[in-house]
Amino acid sequence: MMKMRTLGYTGEQLTTVGLGTWAHGGGDWGFGWGAQDDAESVRAIRAALDTGMNWVDTAAVYGLGHAEEVLGRALKELPEKPFVATKCSLLWDDETRKTRSSLRADSVRAECEASLQRLGLEVIDLYQIHWPKPDEEIEEGWGAVADLIREGKVRYGGVSNFSVDQMKRVQSIHPIASLQPPYSMLERGVESELLPWCAENEVGVIVYSPLQKGLLTGKIDRAYVEAMDDRDHRKARDPMFQELALTDILKKVDRLRPIAAALDINLTQLAIAWVLRRSEVTAAIVGARRPDQVEGVAPASDVTLSEQTVTEIESILAG
Ligand SMILES: NC(=O)c1ccc[n+]([C@@H]2O[C@H](COP(=O)([O-])OP(=O)(O)OC[C@H]3O[C@@H](n4cnc5c(N)ncnc54)[C@H](OP(=O)(O)O)[C@@H]3O)[C@@H](O)[C@H]2O)c1
């Protein structure tokens, strides 16, 4: 059985690795991941649950509704549903396919109804505000999430990409079940303030992009990036996938290889175990678009890194 941790104050037990479905949204929008076969996405979701993961993260905006529809298709065939987390705040125009942000109460309510429809669910386990934008609307948006909880459409409310100050502003309206921030060996902004605050306030933390969108798997090099679908936002607009940042990152990843080899695990598992070394982290959301990727990440739940390994990694990351 995969290891579990408690999600903040809720008492819910989540496996320390869960499935992220951003890439299942496909390519045809500004933050897509290139071509993605829906049947393959459904197989990846099933494989994740078969390996023991008990939760899935998605968002309305992934593929402009498409990732939620695909997840809904997969859920329909399951006798036992996993814990489902989705997000609101990013709206889109069907014709231009451009996105904009709103946290107006009416907008959050309409988004929730649309997500329930696409997912084929009567209740969303964890409903998260995707981005704290516009900043002046976060209290109104969070109040709407609290109302949806009272009405039984949502079980718990979470936030994503919020600062400590922004969490303090909404915490008095309704308790926050979880924060979803970025966290990986290459993106460590959460360590000093956010993680300790969440632990002190019983806010769970489910971290995103623990593989830094694939860079920490060891499979990516310049040729891999060049061969990516032009609609893959990583190739088109993620600074870490552009030079000179890419060369610098790939050098670090090469220096991590012997550490993973000595532990008899792969780099993907090392990267996930590394974020899980922090006790404030409830779980890591790993994006997998195929069943074989899921099978590669699940064993990371069982890996505990020694202090010596953590120190060795620290010196590589500092170098
Ligand atoms: N709240 C937010 O603002 C936010 C932002 C980002 C992500 N998220 C959530 O977090 C999830 C995970 O983040 P992410 O998808 O950005 O990045 P990630 O988990 O760091 O990396 C995912 C990528 O890593 C590669 N990969 C995964 N498993 C692998 C394996 N076993 N072997 C080799 N390569 C493997 C795949 O790359 P290829 O595609 O190249 O095969 C995959 O697309 C998302 O799906 C989403 O649910 C949330």
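Let me begin by describing the structure that accompanies this report. (Residues numbered from 1 in each chain as written. Predicted model: local features only at pLDDT ≥ 70, side-chain atom pairs only at ≥ 80, totals over all residues. Heavy atoms only, no water.)

Considerations on the overall build of the chain
Line of reasoning, step 1. For the chain, the helix and strand inventory stands at twelve helices and twelve strands.
Line of reasoning, step 2. Taken across its 319 residues, the chain has 58% of its residues classed as buried.
Line of reasoning, step 3. Residue pairs at least 24 apart in sequence account for 75% of intrachain contacts in the chain once pairs closer than 6 positions are excluded.
Line of reasoning, step 4. As presented, the chain carries roughly 13,600 Å² of accessible surface, and 49% of it is formed by carbon and sulfur atoms. (Helix = DSSP H or I, 4+ residues; strand = E, 2+ residues; numbered from the N terminus. Buried < 20%, exposed > 50% of the residue type's maximum accessible area, 1.4 Å probe, protein only. Contact = heavy atoms within 4.5 Å. Areas by Shrake-Rupley, 256 points an atom, 1.4 Å probe, with all protein chains shown as cover.)

Some words on the site of the ligand
Line of reasoning, step 1. Taken together, 30 residues form the shell around the ligand, and within it Asp57, Ser160, Leu211, Lys219 and Tyr224 come nearest.
Line of reasoning, step 2. In the environment of the ligand, an oxygen atom lies 2.7 Å from a nitrogen or oxygen atom belonging to the side chain of Asp57.
Line of reasoning, step 3. Within the contact set of the ligand, an oxygen atom lies 2.8 Å away from a backbone nitrogen or oxygen of Leu211.
Line of reasoning, step 4. Secondary structure elements with two or more residues in the shell around the ligand: strand E12 (283–287) and helix H11 (291–297).
Line of reasoning, step 5. Considered class by class, the residues forming the shell around the ligand number eleven nonpolar, 13 polar and six charged. (Near = heavy atom within 4 Å. Polar contact = N/O pair within 3.5 Å; in protein donor to acceptor, adjacent residues only side chain to side chain. Nonpolar A, V, L, I, M, F, W, Y, C, P; charged D, E, K, R; others polar.)

Looking at the pattern of salt bridges
Pairs can form between side chains of opposite charge once their charged atoms are near each other.
Line of reasoning, step 1. Going through the model one piece at a time under the given rule, you end up with 27 salt bridges.
Line of reasoning, step 2. Linking Arg73 and Asp38 is a salt bridge whose minimum nitrogen-to-oxygen distance equals 3.7 Å. In this pair, Arg73 sits in helix H2 (residues 66–76) while Asp38 sits in helix H1 (residues 38–50), placing the two residues 35 residues apart along the sequence.
Line of reasoning, step 3. Overall, Arg73 belongs to the partly exposed group, its relative accessible area being 37%. (Salt bridge = Lys/Arg side-chain N within 4 Å of Asp/Glu carboxyl O.)

What to know about the nonpolar core
A general trend in soluble globular proteins is that nonpolar side chains are found buried together.
Line of reasoning, step 1. Counting 88 residues, the largest nonpolar core has Met53, Tyr127, Met167, Met185, Leu270, Ile272 and Ile313 as the members making the most contacts within it.
Line of reasoning, step 2. In terms of residue count, the dominant contributor to this core is helix H10 (residues 267–276) (eight residues).
Line of reasoning, step 3. Judged by nonpolar contacts, the second largest core, of twelve residues, contains Leu14, Trp55, Ala177 and Ala283. (Core = buried A, V, L, I, M, F, W, Y, C linked by side-chain atoms within 4.5 Å.)

Quick notes on the sheet that holds strand E4 (residues 55–57)
Line of reasoning, step 1. Spatially, E3-E4-E5-E8-E9-E10-E11-E12 is the arrangement adopted by the eight strands of the closed barrel, whose pairing is parallel. Averaged over neighbouring strand pairs, the angle between their axes works out to 30 degrees when direction is ignored.
Line of reasoning, step 2. Bridge count between strand E10 (residues 178–180) and strand E11 (residues 204–207): two bridges; the pairing is parallel. Residue pairing across strands places Ser178 opposite Gly204, the latter belonging to E11. (Pairing = 2+ DSSP bridges. Axes fitted to C-alpha atoms, helices over the stretch in contact; angles between N-to-C directions.)

Some words on the side chain of Asp232
Line of reasoning, step 1. Among the structural elements, Asp232 can be located in the loop between helix H7 (222–227) and helix H8 (233–237).
Line of reasoning, step 2. Asp232 gets classed as buried once you look at its relative accessible area, which sits at 2%.

Concerning the packing of H2 against helix H3 (residues 105–119)
Think of two packed helices as two axes; the pair is described by the angle between the axes and how far apart they sit.
Line of reasoning, step 1. Between H2 and H3, the shortest axis-to-axis distance is 7 Å and the interhelical angle comes to 45 degrees. If you check the angle between H2 and H3, you find them oblique. Residues Glu68, Glu69, Leu71, Gly72 and Leu75 of H2 touch H3, and the partners they reach there are Ser115, Arg118 and Leu119.
Line of reasoning, step 2. When its residues are assigned to classes, the contact of H2 with H3 shows three nonpolar, two polar and three charged. (Parallel < 35°, antiparallel > 145°, perpendicular 65-115°, else oblique.)

Here's the deal with unusual backbone geometry
Line of reasoning, step 1. Residue Pro134 is reached from Lys133 by a cis peptide bond, and omega for that bond is -10 degrees.
Line of reasoning, step 2. Assignment of secondary structure puts Pro134 in the loop between strand E8 (124–129) and helix H4 (138–150).
Line of reasoning, step 3. The peptide bond linking Glu243 to Leu244 adopts the cis configuration, its omega dihedral lying at 0 degrees.
Line of reasoning, step 4. Of note, Leu244 is situated in the loop between H8 and helix H9 (245–262).
Line of reasoning, step 5. Positive phi values are uncommon outside glycine, yet Gln212 reaches one of about 50 degrees.
Line of reasoning, step 6. Its place among the elements puts Gln212 in the loop between E11 and H7.

Some remarks on the packing of H1 against H2
Line of reasoning, step 1. The interhelical angle for the contact between H1 and H2, taken along N-to-C directions, is 60 degrees, at an axis separation of 9 Å. By the criterion of interaxial angle, the relationship of H1 to H2 is oblique. Here the hand of the crossing between H1 and H2 comes out right-handed. Mapping the contact onto sequence places Asp38, Ser41, Val42 and Ile45 in H1 and His66, Val70, Leu71, Arg73 and Ala74 in H2.
Line of reasoning, step 2. When its residues are assigned to classes, the contact of H1 with H2 shows five nonpolar, two polar and two charged. (Left-handed = near helix turned anticlockwise from the far one by under 90°.)

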